[in-house]
Protein chains: 2
Amino acid sequence: MKEHTRQKLIDATYEEIYSNGYQGAALSEILKKAGVHKGSMYHYFENKKDMSLVAINEKMDARFFERYGKILELQNGFVDALIAGYKDTTKRDFKRGCPIANIVQEMSNIDEDFNLTMKTVYEKFRANIKNILDKAVEVKEFKPCNTQKLALYISAVLEGAILAAKASGDEQDFLDTIEILEEYLKEFIL
Amino acid sequence: MKEHTRQKLIDATYEEIYSNGYQGAALSEILKKAGVHKGSMYHYFENKKDMSLVAINEKMDARFFERYGKILELQNGFVDALIAGYKDTTKRDFKRGCPIANIVQEMSNIDEDFNLTMKTVYEKFRANIKNILDKAVEVKEFKPCNTQKLALYISAVLEGAILAAKASGDEQDFLDTIEILEEYLKEFIL
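Analysis parameters
- Residues numbered from 1 in each chain as written.
- Chains lettered and ligands numbered in written order.
- Predicted model: local features only at pLDDT ≥ 70, side-chain atom pairs only at ≥ 80, totals over all residues.
- Helix = DSSP H or I, 4+ residues; strand = E, 2+ residues; numbered from the N terminus.
- Buried ≥ 20, exposed ≤ 12 C-beta atoms within 10 Å, placed from the backbone.
- Contact = placed C-beta atoms within 7 Å.
- Axes fitted to C-alpha atoms, helices over the stretch in contact; angles between N-to-C directions.
- Parallel < 35°, antiparallel > 145°, perpendicular 65-115°, else oblique.
- Nonpolar A, V, L, I, M, F, W, Y, C, P; charged D, E, K, R; others polar.
- Least-squares fit on C-alpha atoms with pLDDT ≥ 70 in both.
- Expected span 1.5 Å × (residues − 1).
- Bend = angle between axes of the 7 residues up to and from the residue.
- Arc of directions from axis to C-beta.
- pLDDT = per-residue confidence, 0-100.

*Asks:* I'm lost on the overall build of chain A in this one. Help?
*Replies:* The number of helices and strands found in chain A is nine helices and zero strands. For chain A, the N- to C-terminal ordering of α and β elements is α-α-α-α-α-α-α-α-α. Expressed as lengths along the three principal axes of its C-alpha atoms, the size of chain A is roughly 60 × 35 × 30 Å. The buried share among the 190 residues of chain A stands at 43%. Sequence separation of at least 24 residues holds for 63% of the intrachain contacts in chain A that already meet a minimum separation of 6.

Structure (structure tokens):
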């Protein structure tokens, strides 16, 4: 029951921040959505900020496992699976954009705790992609290359693609950008 | 004198939004920085939001002219000039990131006026890049290709590169991403 309350708070906090940004997220709205009283919240978290940082970390870890961790459990077809995952837009919400990018853009310059949290989240994001490229090189599916730098590039293109679709309101902008990335990556596939 | 007051308000509004986001931008701070009384502000703008949308439009138009308009006035070397411009980081502020992306991420999902304004700004951003590519194709410096789609890709990579540097606090992430983009674009240079 206790974990249940905590999880409800985490879920509601994440959703509220994802929709309205951290500064626009109202604690009253989070508590209402979670169906939890303020007093119970203090049992788990110090304040809105503490709860938000924990929610971002936990939700992003889960998301990374869902998207990248599962690919790392494969035996082969690593880069194909990575690209196929990016082309599948069913789990994306282009109206709200990328939760990582939103918070970096909003908060990294104005709050040091957010800055450090998002730096770590971004590092995990890039490390996940790098690990997949390294696996692909290891099983000789992919040309040996600077996988650190290529992972940075892939993460940047992905973020830019999501932003383009959010700005235009057109999912096709995301797909077109990923298509050119795919073309570029195919040069490396053995 | 009147235009001077208006410009001071535009400059201060842009700076305040760029540093703190629209929701975090305090009207009192804008007026203080501009050295303008609230009463005078209402002479030019209806409210904080009206002033913000005008500031974004005017500042972005000036920025686009500075970065892209000048390249379009060249006779040749279009794509080289575009890449050289991206590699020159002296006019960038990676701590604050990209002003366009910041506002899209913060506001496009929560306010329809911002959504429409940023959609138009983003369209201009992409049109500027497309025009440069078209010029390069026209003077036979660049392989004929889908310049609309390639302009989208370039804008996405650029945005992703700025975000990566903002998240990590490391300008090198921007430069490394642009280097891979340059490599990709070189395939098209004739």
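Next comes the rest of the account.
*Asks:* Would you explain the packing of helix H8 (residues 147-168) of chain A against helix H9 (residues 171-186) of chain B in this entry?
*Replies:* Two numbers describe a pair of packed helices, the interaxial angle and the distance between the axes. Packing of H8 of chain A against H9 of chain B leaves a shortest axis separation of 9 Å and a crossing angle of 85 degrees. In terms of orientation, H8 of chain A lies roughly perpendicular with respect to H9 of chain B. Between H8 of chain A, through Lys 149, Leu 152, Tyr 153 and Ala 156 of chain A, and H9 of chain B, the contact on the second element is made entirely by Asp 173, Asp 176, Thr 177 and Ile 180 of chain B. Residue composition of the contact of H8 of chain A with H9 of chain B, grouped by class: four nonpolar, one polar and three charged.

*Asks:* What am I meant to see in the relation of the copies chain B and chain A here?
*Replies:* Both copies of the chain are related through a single rotation about an axis accompanied by a shift along the same axis. Superposition of chain B onto chain A requires a rotation of 180 degrees combined with a translation of 0.0 Å along the rotation axis, giving an RMSD of 0.0 Å. Such a turn and shift between the copies fits a two-fold axis. Both copies present the same face, since 100% of the interface residues in chain B are matched by interface residues at the equivalent positions in chain A.

*Asks:* Quick question: what am I supposed to make of the interface of chain B and chain A here?
*Replies:* Many authors give the size of an interface as the accessible area that is lost as the parts come together. Listed by partner, the interface residues are 40 residues for chain B and 40 residues for chain A. Breaking the side of chain B that touches chain A down by element, the ones donating at least two residues are helix H1 (2-24), helix H6 (99-107), helix H7 (112-138), helix H8 (147-168) and H9 of chain B. Considering each element in turn, the side of chain B that touches chain A owes the most residues, 15 residues, to H8 of chain B. Per-class residue counts for the side of chain B that touches chain A are 16 nonpolar, 15 polar and nine charged.

*Asks:* In this structure, what is going on with the environment of Tyr 22 of chain B? I would like to understand it.
*Replies:* All names here are of chain B. Looking at the secondary structure, you find Tyr 22 in helix H1. Judged by the 24 C-beta atoms lying within 10 Å of it, Tyr 22 is buried. Taking C-alpha positions, Tyr 22 is 35 Å from Asp 80, a pair spaced 58 residues apart along the chain. Excluding its chain neighbours within four sequence positions, the residues that come into contact with Tyr 22 are Ile 17, Ser 52, Ile 103, Glu 106 and Met 107.

*Asks:* Please explain helix H4 (residues 48-72) of chain A as it appears in this structure.
*Replies:* Every α-helix carries 3.6 residues per turn, so stepping three or four residues along brings you back to the same face. Across its 25 residues, H4 of chain A extends 34 Å between first and last C-alpha, which sits within 8% of the 36 Å expected from 1.5 Å per residue. The largest bend in H4 of chain A comes to about 40 degrees, at Phe 65 of chain A.

*Asks:* Sorry, what's going on with unusual backbone geometry here?
*Replies:* Most peptide bonds are trans, and most residues other than glycine sit at a negative phi. In this structure, Lys 140 of chain A takes a positive phi of about 60 degrees despite not being glycine. With respect to the helices and strands, the residue Lys 140 of chain A is situated in the loop between helix H7 (112-138) and H8.

*Asks:* Is there a simple way to explain the environment of Val 104 of chain B in this structure?
*Replies:* Relative to the helices and strands, Val 104 of chain B resides in helix H6. Through-space distance from the C-alpha of Val 104 of chain B to that of Phe 114 of chain B is 7.9 Å; in sequence the pair is 10 residues apart. Among residues more than four places away in sequence, those in contact with Val 104 of chain B are Leu 163, Lys 166 and Ala 167 of chain A together with Met 118 and Tyr 122 of chain B.

*Asks:* Explanation requested: helix H2 (residues 27-34) of chain A in the structure shown.
*Replies:* Residue and element names in this part refer to chain A. Taken together, the buried positions of H2 are occupied by Ile 30, Leu 31 and Ala 34. All buried residues of H2 project into a common sector of 95 degrees when viewed along the axis, lining one side. In H2, the exposed positions that point more than 90 degrees away from the buried face belong to Ser 28 and Lys 32. Downstream of H2 by one or two residues, Gly 35 has phi in the positive range, about 65 degrees.

*Asks:* Could you clarify how one ought to interpret the confidence of the model for chain A in this entry?
*Replies:* For any part of a model where pLDDT is low, the fine detail of the predicted coordinates should not be relied upon. Predicted confidence across chain A gives a mean pLDDT of 95, with 98% of residues reaching 70 or more. Confidence metrics for the complex model read pTM 0.93 and ipTM 0.91.

*Asks:* Help me understand the environment of Ala 84 of chain A, please; the structure alone is not making it clear to me.
*Replies:* All names here are of chain A. Mapping Ala 84 onto the fold places it in helix H5 (residues 78-87). In this structure Ala 84 comes out as exposed when scored by C-beta crowding, with 12 C-beta atoms within 10 Å. Taking the C-alpha atoms as reference points, Ala 84 and Val 139, separated by 55 residues in sequence, lie 19 Å from one another.

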